[in-house]
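# Working through the structure, step by step
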Amino acid sequence: MKTLSISGLVLALLGIAVGIYNQLTYVAAYHAHLCKTDILSARDCENTQDMQLLLGQTAIIAGCLAFVMCILPALRNKKSYFAFFGIFFSVICVLLGLMQATHMFDYTGYFVK
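Residues numbered from 1 in each chain as written. Predicted model: local features only at pLDDT ≥ 70, side-chain atom pairs only at ≥ 80, totals over all residues. Heavy atoms only, no water.

### Looking at the confidence of the model for the protein chain
Summarising the model, the protein chain shows a mean pLDDT of 83, and 80% of its residues fall at 70 or more. No element of the protein chain has a lower mean pLDDT than helix 1 (residues 2-33), at 86, and none a higher one than helix 3 (residues 81-101), at 91. (pLDDT = per-residue confidence, 0-100. Helix = DSSP H or I, 4+ residues; strand = E, 2+ residues; numbered from the N terminus.)

Following this line, the structure appears as structure tokens:
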């Protein structure tokens, strides 16, 4: 069970890394250029948005898998600290992915067409 919780923790941390990379590169690039002006072509704008959605969905899937991998050892062994940290980081990972892939917190209206 310890190896399962450690691998879930590592997967959650990788998902957070994907989410942070997505936020710093693709989300920032999309909002910096606004993609409604003629600064970027429509093709570059679509590629940026598609990559943002793909990496956001990857973070969601990694967070969900890490949650499942960490909840089982946490229920069996109450002193599995790796599992509890994995659950905490997997929830953060899922929230990062939801913010980026579903535009839950997009108040700018750039994705409204």
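Resuming the write-up.
### Description of the side chain of Ser90
For Ser90, the position within the fold is in helix 3. Residues contacting Ser90, with those up to four places away along its chain left out, are Ala12, Gly63, Ala66 and Phe67. (Contact = heavy atoms within 4.5 Å.)

### Some words on the packing of aromatic side chains
Pairs of aromatic rings are described using the distance from one ring centre to the other and the angle between the two planes. Across all of its chains, the model carries two aromatic pairs by this definition. Taken together, a centroid distance of 6.1 Å and an interplanar angle of 80° make the contact between Tyr21 and Tyr26 edge-to-face. For Tyr26, a relative accessible area of 22% corresponds to the partly exposed category. Aromatic pair Phe88 and Phe89: ring centres 5.5 Å apart, planes at 55°, arrangement tilted. The class for Phe88 is partly exposed, based on a relative accessible area of 48%. According to the relative accessible area criterion, Phe89 is partly exposed, its value standing at 24%. (Phe/Tyr/Trp six-rings, centres within 6.5 Å; stacked < 30°, edge-to-face > 60°. Buried < 20%, exposed > 50% of the residue type's maximum accessible area, 1.4 Å probe, protein only.)

### Concerning the environment of Ser7
Relative to the assigned elements, Ser7 resides in helix 1. The sequence separation of Ser7 and Gly86 amounts to 79 residues, and the corresponding C-alpha distance is 8.7 Å.

### Quick notes on a nonpolar patch on the surface
Where nonpolar side chains cluster on the molecular surface, the patch consists of Phe67, Val68, Leu72, Val91 and Leu95 and spans about 410 Å² of accessible area. Looking at the nonpolar patch element by element, the count peaks at three residues for helix 2 (residues 42-76). (Patch = residues over 30% accessible without salt bridge, like charges linked within 9 Å, V, L, I, M, F, W, Y side chains within 5 Å. Areas by Shrake-Rupley, 256 points an atom, 1.4 Å probe, with all protein chains shown as cover. Salt bridge = Lys/Arg side-chain N within 4 Å of Asp/Glu carboxyl O.)

### Things to note about the environment of Ile87
Within the secondary structure, Ile87 is located in helix 3. Residue classification places Ile87 among the buried residues on the basis of a relative accessible area of 17%. Taking the C-alpha atoms as reference points, Ile87 and Cys64, separated by 23 residues in sequence, lie 9.5 Å from one another. Beyond its immediate sequence surroundings of up to four residues, Ile87 is in contact with Phe67, Cys70, Ile71 and Ala74.

### What about helix 3?
The terminal C-alpha atoms of helix 3 lie 30 Å apart, and with 21 residues this matches the ideal 30 Å at 1.5 Å per residue to within 8%. Buried residues of helix 3: Ala83, Gly86, Ile87, Ser90, Cys93, Val94, Leu96, Gly97, Gln100 and Ala101, and no others. (Expected span 1.5 Å × (residues − 1).)

### Looking at the packing of helix 2 against helix 3
The interhelical angle for the contact between helix 2 and helix 3, taken along N-to-C directions, is 160°, at an axis separation of 7 Å. One finds that helix 2 runs roughly antiparallel with respect to helix 3. Our pair here, helix 2 against helix 3, has a crossing hand that is left-handed. Grouping the amino acids of the contact of helix 2 with helix 3 by side-chain chemistry returns 18 nonpolar, eight polar and no charged. (Axes fitted to C-alpha atoms, helices over the stretch in contact; angles between N-to-C directions. Parallel < 35°, antiparallel > 145°, perpendicular 65-115°, else oblique. Left-handed = near helix turned anticlockwise from the far one by under 90°. Nonpolar A, V, L, I, M, F, W, Y, C, P; charged D, E, K, R; others polar.)

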